[in-house]
Structure formats: C-alpha cells, structure tokens
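# Residue-level structure breakdown
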Amino acid sequence: MTTGNAFYSARDLAHVWHPCTQMKDHEDLPMIPVRRGSGVWLEDFEGKRYLDAISSWWVNLFGHANPRINAAVREQLEKLEQVILAGFTHEPVIALSEALTAIAPRGLTRCFYADNGSSAVEVAVKMSFHYWRNVGKTAKRRFITLSNSYHGETLGALAVGNVELYKEIYQPLLMDVITVPSPDCFGREPGESWAEHSTRKFAHMEAALAKHAHETAAVILEPLVQCAGSMRMYDPVYLALLRQACDRHGVHLIADEIAVGFGRTGTMFACEQAGIRPDMMCLSKGLTAGYLPLSAVITTDPIYAAFYDEYVKLTAFLHSHSFTGNPLACSAALASLDIFRTDDVLTRNRSLAAHLGARARELEAHPHVAEVRQHGMIVAVELARDKARREPYPWQERRGLKIYRHALSRGVLLRPIGTVLYFMPPYVITPEEIDLMVEVAREGIELATCD
Ligand SMILES: *Cc1c(COP(=O)(O)O)cnc(C)c1O
C-alpha cells in the first residue's frame, strides 16, 4: 500500500533526523507516522490508534485537535500570525501576560517570552546573572543545581542540568556549576517519610549556599518532580526550606515549572504546594496546552526594575528570539487557560489522579516493581532487578524498550525512561482509558522482566 505507514516511514527515514534517537534503532523499530489526533488518541496511516499516555512528550493537556483551542487558533490566524515583539505588541500577548500574572504565585508580575523550554532556562540564567551585575554584585555568576535535574538541551540549560546521559559528552563546552544532592525520595531510608527525607537532604543545599552564596546568582530546580530524571519526586517542604535559605543568603530561586506547571502535580503550579514564590518561574510545554512552541519566564517587579534605566547605562536585557510571544501560540495558551477556568479542571483532575494512582499502585505487588510514586497527574513505576535492594537492571538490557514495543502493539504510547515507566496523560483521559493504559503497562512489565 503506497499510502500506509511503510510509505511514510521510508520517506521519513531517508531525510528526517529524529530528536533523542539512535537512528540505527529504526532498522527494526517501526517509525509511526501519525495521520491525525483526537482527544487522547493518535491514529496512524493504517487506522491503528494509540492512547497518548505521555501527552506527546508532556505537552498536551486537553487532547489532540481540541475543538475549543482549534477555534481560538483559527480565529487568531485570520487576524495576525506573527509580528515583531520589540516596539510592537498584540492583543494575545497582552491578555496572556495579564492571565499568567493573575494565576502565578503573587508577586510574579513581569513576563518575558521565548519559544521553547530550553530558551526560557537560558533567559532565566542570563537574567539572574545580569540582575546581580546591574546591582553591582559582579561576583555572583555561578549557579547551584540538583543532581539528577534536567533543564533542557541548549548549552546553558544543559550546564545547569545534571542528567548524565545528555550532559556528559558535552561537558567540555559547559559552564561550571555547583551540584547538590537531589532530595529525590526513591533513596529514602526504610520507614523514613518523604518530608523527613527531603528535609534531611536540605542540609547539602544549606551547606552549598553557606559556602558559595557570595559567588552564586541563583539556585535552579524542578519543583516536586525531576521529570526527565526518571520521574523522581520529593516533598514540598524542600521548596519551603529553599525559599527561606535563598532569602537569607541573597540568592535567586529559579523554579523550572516547564514540565510540572499547569496542573500536572495537582495544583496549577507545583510551587503552590510549598506556598512559595520563586524569583523567576519558567513555563513552556503545557503553556499552550501542547499546541505551539512558546515559553515564558515570569519574574518580579524588583528584578524588572534593576534593568530599567537610561539606554546609555546599558542595563537593558537585550535578549530576543525571532518568534518571541508568537500570537498564534499566545491564542492557544489563552484558550487553554479558559478551559482551566470554565471546566474546573484542577478539581476534575483530583478524582482522575486518585483513580490513576489506585490502579497504578496495584502494580506494586509485582516482584520487579520497586516503587510506584505519584504527584497529582504524574505517576511513575520504577522497575528493579532486585526489588528489596532497589538494584536497577543494567541499562544496556534496554528493558524499557520492550515495554514500549509491547504497548505500541496494544495501541498505547508508553515511553519508559530507562526502566522507569510513567503515566502523564492528557487531562481529558477517561477512567476506562486509564484502566487500559495501566493494564497494558502491567503486561509490558511482565514481558520485560520475565528473564
Ligand atoms: C522539557 C523540559 C525543558 C526543556 O524544554 P524544551 O522545550 O524541550 O527545550 C526544560 N526543563 C524541564 C523541567 C523540562 O521538562
């Protein structure tokens, strides 16, 4: 069939170099061309459907081809597709900035836009460094980051991240950062609570701040869930302690909410669970409900004010991207926030998350499931060769790939990170679809651990 999957797959593999992929894998791993999407479902060119259990790399919130977001983008398309954001502005970016500052932690009042998550991290890093320079503290030019953290792939974002698989090779190109052990609760002692473990781990951060505050611009971290770092999770108490310590030591706190923002952890922003306001909050992914590339760094009036002066003082933040604040992307973001408001999404998600968590925890009885953990609409299942000792499978065995393949054959898109299987579905998923997703995961785990 010249219109089936093979037709598109062959053309693709002749010219497309895919992200985060060893292309040789596709000698036997099928490439799935997607013809259309609807709700949580993706459909290929042979009519086979796949439940998008990972929200197309954590971006989609309200399903594919959502009628309300489609209508908003279509309406904007008829008016204005793109305009320079320096010297010019447009209604969607004004309205979005009003809407974001209204829902962000109080005191975050200024929105700076970029067009992807990594760029937002670059903006926050440069902005923090530049702020301290503008106020005369030129020694403050280092960053503190957590082990196992992830902040994107561009060189600055890669430098402040810590996932070895992505970072190690490029180390010679990267700025030097101060890395502090993560509060990740997978490593807690038996009987120790998440809060106890995260509090105990804070001692490392306190020590790093005490030693390096004079030369440190900011601490950057992912609130509550280190997503790319195998969905490792920690307790909100760590964020509360960090806020106090950053204030005490005069260091910025950058919250990278690119993956966890927009309801993923149960609250609109994960920081809310600790009742804190970061100095800069990075948003992307769910910002446009997964429709179009857009990111934002939201910061405070005092930080904004440190850049505000006569041009000749050269204190301005002269950073830009061509597609900064694109109107189509802003219109998708506005439609998404409208859905949050009118459909009371966070309340509905509470019962969905309860169902997802309950079903997923049934997997905990399996002899190779070391832990099932959850923060809201993110649930992770960590496999281990030795469950009691939490000893991982050698990564070379690629057991997660077996789960991926099995799930595809059953019409579910699961994409384990190593041997950590996770569910991060669009919020329009039904309880029945959750049951299917977890059942297919159970089969996949069975298959991947039977030898
Ligand atoms: C995905 C992600 C990024 C990078 O965003 P891109 O749009 O992929 O560049 C940064 N930080 C976190 C926490 C992420 O999950």
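Presented here is a report on the structure given in the accompanying data block.

Criteria and cut-off values
- Once a new chain begins, its residue numbering starts again from 1 and follows that chain's sequence as written.
- Where totals are concerned, whole chains, interfaces and linings use all residues; where local detail is concerned, this predicted model gives features only for residues with pLDDT of at least 70, and gives and counts side-chain atom pairs only at 80 or more.
- For side-chain calculations, the full set of non-hydrogen atoms in the structure is used, while hydrogens and water are omitted.
- Paired rings are identified among Phe, Tyr and Trp, the last through its six-membered ring, by centres lying within 6.5 Å, and are further divided according to the angle between planes into stacked (under 30 degrees), edge-to-face (over 60) and tilted (the rest).
- Two thresholds decide whether a charge sits over a ring: the Lys NZ or Arg CZ must be within 6 Å of the ring centre and within 35 degrees of the ring normal.
- In short, DSSP must find at least two bridges between two strands for them to pair.
- Runs of H or I in DSSP of at least four residues are treated as helices and runs of E of at least two as strands, each being numbered from the N terminus.
- The span you would expect from a helix comes to 1.5 Å times its residue count less one.
- Contacts are residue-level and defined by heavy atoms, with any inter-residue pair within 4.5 Å sufficient.
- Residues are called lining when one of their atoms sits within 4 Å of a cavity or pocket point, these points coming from a 1 Å grid over the protein atoms alone, where a cavity is a set in which a 1.4 Å probe fits but cannot get out and a pocket is an open set with protein on both sides within 12 Å along at least five of seven lines.
- Grid points are joined across faces, edges and corners, and a volume is the space filled by probe spheres set on the points.
- When residues are grouped by polarity, Ala, Val, Leu, Ile, Met, Phe, Trp, Tyr, Cys and Pro land in nonpolar, Asp, Glu, Lys and Arg in charged, and all others, Gly among them, in polar.
- Here a residue counts as near a molecule or strand whenever at least one of its heavy atoms sits within 4 Å of it.
- Polar contact is defined as a pair of N or O atoms within 3.5 Å, subject to the rule that within protein one atom must be able to donate a hydrogen and the other to accept it, and that residues adjacent in sequence are counted only when both atoms are side-chain atoms.
- The protein chains shown are the only cover counted for residues, whose accessible areas, like all others here, come from Shrake-Rupley with a 1.4 Å probe.
- Lines fitted to C-alpha atoms define the axes here, with helix axes fitted over just the stretch in contact, and angles between the N-to-C directions of these axes take values from 0 to 180 degrees.
- By the definition adopted for this analysis, an angle is roughly parallel if under 35 degrees, roughly antiparallel if over 145, roughly perpendicular if from 65 to 115, and oblique otherwise.
- Handedness of a helix crossing follows the sense of rotation of the near helix relative to the far helix, less than a right angle counterclockwise being left-handed and clockwise being right-handed.
- Here, a salt bridge means any side-chain nitrogen of Lys or Arg that lies within 4 Å of a carboxyl oxygen of Asp or Glu.
- Categorising residues by exposure relies on relative accessible area from a 1.4 Å probe, with only protein chains included: less than 20% of the type maximum marks a residue as buried, more than 50% marks it as exposed, and the intermediate range marks it as partly exposed.
- We treat Lys and Arg as the positive residues and Asp and Glu as the negative residues; His and chain ends play no part in the count.

## Quick look at the packing of aromatic side chains
Given two aromatic rings, one states the distance between the centres and the angle between the planes to describe the pair. Scanning the model with the defined rule gives 14 aromatic pairs in all. The rings of Phe7, Tyr8 and Phe45 are connected pair by pair, giving a single aromatic cluster. We note arginine 110 situated over the ring of tyrosine 304; from NZ or CZ to the ring centre the distance is 3.9 Å. Across the ring face of phenylalanine 186, the terminal group of arginine 390 is positioned such that the distance to the ring centre comes to 4.4 Å.

## Side note on the sheet that holds strand 2 (residues 41-44)
The mixed open sheet is built from 4 strands, whose spatial order is 1-2-3-15. Looking at which strands have only one partner, the edges of the open sheet turn out to be strand 1 (34-38) and strand 15 (412-413). Two elements, strand 2 and strand 3 (residues 49-52), share 3 bridges in a ladder whose sense is antiparallel. Residue pairing in the sheet places tryptophan 41 in a bridge with leucine 51 of strand 3.

## Description of helix 9 (residues 237-249)
The first and last C-alpha atoms of helix 9 sit 18 Å apart over 13 residues, in line with the 18 Å expected at 1.5 Å per residue. Among the structural elements, strand 5 (142-146), strand 6 (178-180), helix 8 (194-212), strand 7 (216-221) and strand 10 (252-256) are those in contact with the buried residues of helix 9. Glycine 250 lies just past helix 9 and shows a positive phi near 65°.

## Focus on the pairing of strand 3
Here strand 2 folds back onto strand 3 in antiparallel fashion, the turn holding 4 residues, of which glycine 47 has a positive phi close to 85°. Two elements, strand 3 and strand 15, share 2 bridges in a ladder whose sense is parallel. Of the residues in strand 15, the one forming a bridge with leucine 51 is valine 412.

## Thoughts on empty space enclosed by the protein
Leftover empty space is mapped by rolling, across the atoms, a probe with the size of a water molecule. Following the criterion strictly, the structure yields 1 cavity of 30 Å³ or more and no others. Of the volumes computed, that of the largest cavity is approximately 40 Å³. Those elements giving two or more residues to the lining of the largest cavity turn out to be helix 6 (155-160) and helix 7 (164-167). Its residues assigned to classes, the lining of the largest cavity shows 5 nonpolar, 5 polar and 1 charged.

## Considering the site of the ligand
All residues adjacent to the ligand are Trp58, Asn116, Gly117, Ser118, Tyr150, His151, Gly152, Glu222, Asp256, Ile258, Ala259 and Lys285. Asparagine 116 has a polar side-chain atom sitting 3.5 Å from an oxygen atom of the ligand. If the ligand stood free it would expose 380 Å²; the protein chains cover 83% of that surface. Residue composition of the shell around the ligand, grouped by class: 4 nonpolar, 5 polar and 3 charged.

## Regarding the packing of helix 12 (residues 345-361) against helix 14 (residues 431-448)
Taken N-terminus to C-terminus, the directions of helix 12 and helix 14 make an angle of 25°; their axes are 10 Å apart at the nearest point. Of the possible angle classes, the one that applies to helix 12 and helix 14 is roughly parallel. Helix 12 and helix 14 meet at a crossing whose hand is right-handed. Each of Leu352, His355, Leu356, Arg359 and Ala360 in helix 12 lies in contact with helix 14, whose residues at this interface are Pro431, Ile434, Asp435, Met437 and Val438. Tallied by class, the residues present in the contact of helix 12 with helix 14 amount to 7 nonpolar, 1 polar and 2 charged.

## Some points on the pattern of salt bridges
Counted by the stated rule, this structure contains 32 salt bridges. Between glutamate 382 and arginine 373 there is a salt bridge whose closest N-O contact spans 2.7 Å. What makes glutamate 382 buried here is its relative accessible area of 8%. In this structure arginine 373 comes out as buried when scored by relative accessible area, which is 2%. Linked by salt bridges that have partners in common, Asp184, Arg188, Arg232, Glu371, Arg373, Glu382 and Arg390 make up one network.

## Re the layout of surface pockets
As a volume, the second largest pocket reaches approximately 860 Å³. Residue lining of the second largest pocket: 27 residues in total, with Leu85, Cys111, Phe112, Tyr113 and Tyr304 positioned closest to the centre. Put simply, the parts of the chain that give the lining of the second largest pocket at least two residues each are helix 4 (91-103), strand 4 (108-114) and helix 10 (301-305). Sorting elements by how many residues they give to the lining of the second largest pocket places strand 4 first, with 5 residues.

## Side note on the side chain of glutamate 222
Tracing the backbone shows glutamate 222 in the loop between strand 7 and strand 8 (225-226). Within the buried core, glutamate 222 has no salt-bridge partner, and the shortest N-O distance to an opposite charge, that of lysine 285, equals 7.6 Å. Excluding anything up to four places from it in sequence, glutamate 222 contacts Asn148, Ser149, Tyr150, His151, Cys227, Ala228, Tyr234 and Asp256.

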